[in-house]
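Residue strings, one per chain:
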Amino acid sequence: MDKTKPFEISKHVVWEAYKRVKANKGAAGIDEESITAFEENLKGNLYKIWNRMSSGSYFPPPVKVVEIPKKNGGMWTLGVPTVADRIAQMVAKMYFEPVVEPVFLPDSYGYRPGKSAIEAVAVTRKRCWRPVVHCRSLEEADELLQQLHVRFRECGLELHPDKTCIVYCKDDDRRGEYPETTFDFLGYTFRPRRSKNRYGKFFINFTPAVCTKACKAMRQTIRHWYLQLKPDKELADISHMFNPVLRGWINYYGRF
């Protein structure tokens with residue numbers, strides 16, 4: 001072999017990956033090692049990650065399983081990797097992402113740098129006014145839905161039965177009667193709503209607003225703050241404790 005390591009992994013990239021993981025914070029994994037504990041032997045731990053990844057012998061440890069309640073009932077299973085594995089994953093991401101990013105269509109928003117869920121909501125809002133995967137008749141929509149089922153099966157996938165349906169985007173220009181005139185997407189409910197244009201005239205527009213499930217989840221979160229049990233706190237203290245969460249809700253759900 002003319003190289004000591006089969007994979008060229010830069011130590012600088014490993015260091016940068018550690019800094020990004022630290023900035024993201026996060027809980028300890030199955031080994032219960034926090035970022036603070038990892039930093040007690042920072043140089044040695046980072047060298048171990050670099051050495052194993054560059055030699056091709058890195059193997060990820062088990063993931064800690066945490067169950068989180070869903071908004072509509074049931075539980076959502078969340079996997080929490082160890083600190084070391086999060087750094088290794090970040091290293092892989094830093095090498096992999098620049099290669100695959102140019103292949104994605106501009107209209108893809110999930111887990112991509114510089115793109116967000118709220119942008120996907122904004123695009124969906126516009127497309128409820130101007131057709132894209134939209135159809136001009138129920139017959140066209142039925143045919144397209146069947147084609148999608150076939151295409152997904154060819155890829156070894158299937159459409160979610162509860163989240164896939166034909167929806168009529170009803171507004172002032174589309175006044176037909178169909179069974180479904182509403183759908184939920186990324187915490188928003190799209191449905192016909194009374195809106196006002198720039199001239200002050202009211203009209204029916206098919207547009208998004210915060211969904212019922214998200215409202216319920218926010219109310220439950222606020223109840224769990226038990227504000228009535230904090231008489232010892234000043235208003236400034238309460239503001240400092242909860243403003244980041246409230247700002248996040250307002251910035252996301254207050255967009256439209």
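This text goes with the structure placed above it.
In this text, all values refer to a predicted model and were calculated from it rather than measured experimentally.

Enquirer: Go over the pattern of salt bridges, please, and point to the residues and values.
Expert: Side-chain pairing between opposite charges can occur once the charged atoms of the two side chains come close. For the structure shown, the criterion picks out 12 salt bridges. Note that Glu16 is salt-bridged to Arg20, the shortest N-O span being 3.6 Å. In this pair, Glu16 and Arg20 are both assigned in helix H1 (residues 11-24), 4 residues apart and thus about one turn of the helix distant. Bridged by salt links that share partners, the residues Glu16, Lys19 and Arg20 form one connected network.

Enquirer: Talk me through a nonpolar patch on the surface; I want residue IDs and the actual numbers.
Expert: Residues Ile222, Leu227, Leu246 and Ile250 make up a contiguous nonpolar surface patch of about 310 Å² in total accessible area. With respect to the helices, strands and loops of the structure, Leu227 is situated in the loop between helix H7 (212-223) and helix H8 (235-253). Look at Leu227 and you get partly exposed, because its relative accessible area is 35%.

Enquirer: Account for unusual backbone geometry, with residues named and values stated.
Expert: Notably, Leu186 is not glycine yet its phi reads approximately 50°, a positive angle. Checked against the element boundaries, Leu186 lands in the loop between strand E3 (183-185) and strand E4 (188-196). A positive phi angle, near 50°, is found at Tyr226, a position not held by glycine. In this structure, Tyr226 sits in the loop between H7 and H8.

Enquirer: Describe the environment of Ile118, with residues and values.
Expert: By secondary structure assignment, the location of Ile118 is in helix H5 (residues 117-127). Look at Ile118 and you get buried, because its relative accessible area is 11%. Taking the C-alpha atoms as reference points, Ile118 and Tyr252, separated by 134 residues in sequence, lie 6.8 Å from one another. The contact partners of Ile118, leaving out residues within four places of it in the chain, are Tyr188, Tyr252, Arg255 and Phe256.

Enquirer: So what's going on with the environment of Lys201? Residues and values would help.
Expert: Locating Lys201 in the fold gives a position in the loop between E4 and strand E5 (202-210). If near-sequence neighbours (up to four positions away) are discounted, Lys201 is found in contact with Ser195 and Lys196.

About the cut-offs
- Residue indices follow the written sequence of each chain, beginning from 1 at its first position.
- Only residues with pLDDT of 70 or above have their local features reported here, since the model is predicted, and side-chain atom pairs are shown and tallied only from 80 upward, although totals for entire chains, interfaces and linings are computed over all residues.
- Remark: hydrogens and water are excluded; side-chain values derive from all non-hydrogen atoms of the structure.
- One side-chain nitrogen of Lys or Arg within 4 Å of one carboxyl oxygen of Asp or Glu is enough to make a salt bridge.
- Secondary structure elements follow DSSP: runs of H or I of four or more residues count as helices, runs of E of two or more count as strands, with numbering from the N terminus.
- A patch consists of residues whose relative accessible area exceeds 30% and which take part in no salt bridge; residues with like charges are grouped when within 9 Å of each other, and nonpolar side chains (Val, Leu, Ile, Met, Phe, Trp, Tyr) when within 5 Å.
- Per-residue accessibility takes into account occlusion by the displayed protein chains alone, with areas from the Shrake-Rupley method and a 1.4 Å probe.
- Each residue is placed in one exposure class: buried if its accessible area under a 1.4 Å probe, protein chains only, is under 20% of its type's maximum, exposed if it is over 50%, and partly exposed if it falls in between.
- Any pair of residues with heavy atoms lying within 4.5 Å of one another is described as a contacting pair.

Any link to function would need more than the numbers given here.
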